[in-house]
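# Topology and contacts: notes
One-letter residues, chain by chain:
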Amino acid sequence: MDAAAMVIDPTRFAREGARLTGVLTPAQLPRLADVLADEQGAVKYLVEGHMTAEAEPALRIELAVDVGVRCQRCLERLPLHLEVRRDIVLAADASELDAADDEDEDIDVIPAVARLDLLDLIEQEVVLGLPMAPRHADDACGPRPEGEANKTSSPFSVLAELKRH
Ligand SMILES: [Zn+2]
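Presented here is a report on the structure given in the accompanying data block. (Residues numbered from 1 in each chain as written. Predicted model: local features only at pLDDT ≥ 70, side-chain atom pairs only at ≥ 80, totals over all residues. Heavy atoms only, no water.)

### Brief notes about the pattern of salt bridges
Enumeration according to the criterion identifies 10 salt bridges in this entry. Put simply, E123 and R31 hold a salt bridge, and the shortest N to O gap is 3.0 Å. Taken together, the residues E123 in helix 4 (residues 118-129) and R31 in helix 2 (residues 30-33) connect sequence positions 92 residues apart. Ionic pairing is found between R60 and D87, a salt bridge with its closest N-O pair at 2.9 Å. Taken together, the residues span a long stretch of sequence, with R60 in strand 4 (residues 57-70) and D87 in strand 5 (residues 77-91) at a distance of 27 residues. Assessed through its relative accessible area of 18%, D87 is described here as buried. One salt-bridge network, in which partners are shared between bridges, spans R31, D120 and E123. (Salt bridge = Lys/Arg side-chain N within 4 Å of Asp/Glu carboxyl O. Helix = DSSP H or I, 4+ residues; strand = E, 2+ residues; numbered from the N terminus. Buried < 20%, exposed > 50% of the residue type's maximum accessible area, 1.4 Å probe, protein only.)

### As for the coordination of the zinc ion
Angles between donor atoms at a metal ideally measure 109.5 degrees for a four-coordinate tetrahedral arrangement and either 90 or 180 degrees for a six-coordinate octahedral one. Every protein donor of the zinc ion is listed here as C71 (SG), C74 (SG), H136 (ND1) and C141 (SG), and their distances to the metal cover 2.0 to 2.3 Å. The coordination sphere of the zinc ion comprises 4 donor atoms, whose angles at the metal cover 103 to 119 degrees; the geometry is tetrahedral. The sequence pattern describing where the donors of the zinc ion fall on their chain is C-x2-C-x61-H-x4-C. With relative accessibility at 11%, the residue H136 sits in the buried group. (Donors = N, O, S within 2.8 Å, 3.2 Å for Na, K, Ca; no water. Tetrahedral: all angles 85-135°; square planar, octahedral: opposite > 155°, others 65-115°.)

### Regarding the environment of V89
Looking at the secondary structure, you find V89 in strand 5. A sequence separation of 78 residues divides V89 from T11, and the C-alpha atoms of the two residues are 9.6 Å apart. When neighbours within four sequence positions are excluded, V89 is seen to be in contact with T52, E56, P57, A58, I107, D108, V109 and I110. (Contact = heavy atoms within 4.5 Å.)

### With respect to helix 4
In this model helix 4 runs 16 Å from its N-terminal to its C-terminal C-alpha over 12 residues, within 8% of the 16 Å that 1.5 Å per residue would give. Where helix 4 begins, one side-chain oxygen reaches toward the backbone nitrogen of L119, 2.9 Å away; that side chain belongs to D117. (Expected span 1.5 Å × (residues − 1). Polar contact = N/O pair within 3.5 Å; in protein donor to acceptor, adjacent residues only side chain to side chain.)

### Quick look at the sheet that holds strand 4
Spatial ordering of the open sheet is given by 2-3-4-5-6, a layout of 5 strands whose pairing is mixed. Looking at strand neighbours, the two that pair on one side only are strand 2 (19-24) and strand 6 (107-111), the edges of this open sheet. With direction set aside, neighbouring strand axes in the sheet form an average angle of 20 degrees. Sheet analysis places strand 5 next to strand 6, joined by 5 bridges and oriented parallel. Each bridged residue has a counterpart across the sheet, and for A91 the counterpart in strand 6 is P111. Set on the sheet, helix 4 makes contact with strand 2, strand 3 (41-51), strand 4, strand 5 and strand 6; between it and strand 5 the angle comes to about 125 degrees. (Pairing = 2+ DSSP bridges. Axes fitted to C-alpha atoms, helices over the stretch in contact; angles between N-to-C directions.)

The structure is reproduced here in C-alpha cells:
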C-alpha cells in the first residue's frame, strides 16, 4: 500500500461509504515499531465510512494485530494478538467534542479535518491497545540456559545425581 493513499478526506470517505482494507507491517509504523520486540508481525486493517443515526460522518476501524512485544519479566519476545474496533465520529462543531467525553469509550469524536492520515490513526490505535506490562503466562517465561534449568527444577535429575555417588 502506497502511504499517500492512506491520507483521506474523512467526511467524503464517510459520505461515500468507502472502504479501505490491507495489511501493514510494523516497519511501516515507526512509533509502534519502537515499542515492539522486533519488526515481525502484521497489522490487518479495515476502515469503513458510514453516516451515524444522527447523520454525522463516521469511520469504523477494525484492526487485527499480530506482533511481538517484550515480556516485562524475562525480556524475551512475547507474541501478542490484539483486536481493536473503534468508531470515530467526525464532528463539524467543536462543542460536540466535549459532549462526547462521557459517552461510550469505543467511540471517539474528532474534528472533521479535511485530511486524515489513516496510517497515523491506525498506528495510534495499536499503540494505545498494547498492554502496559506484557508478560508471558506464569511459568512460560524463558528460555533459561538448558543445563541450569534441569539442575534446579527437575527432581529426577537430583535423583540421578544421588544414584551416581
Ligand atoms: Zn517472559
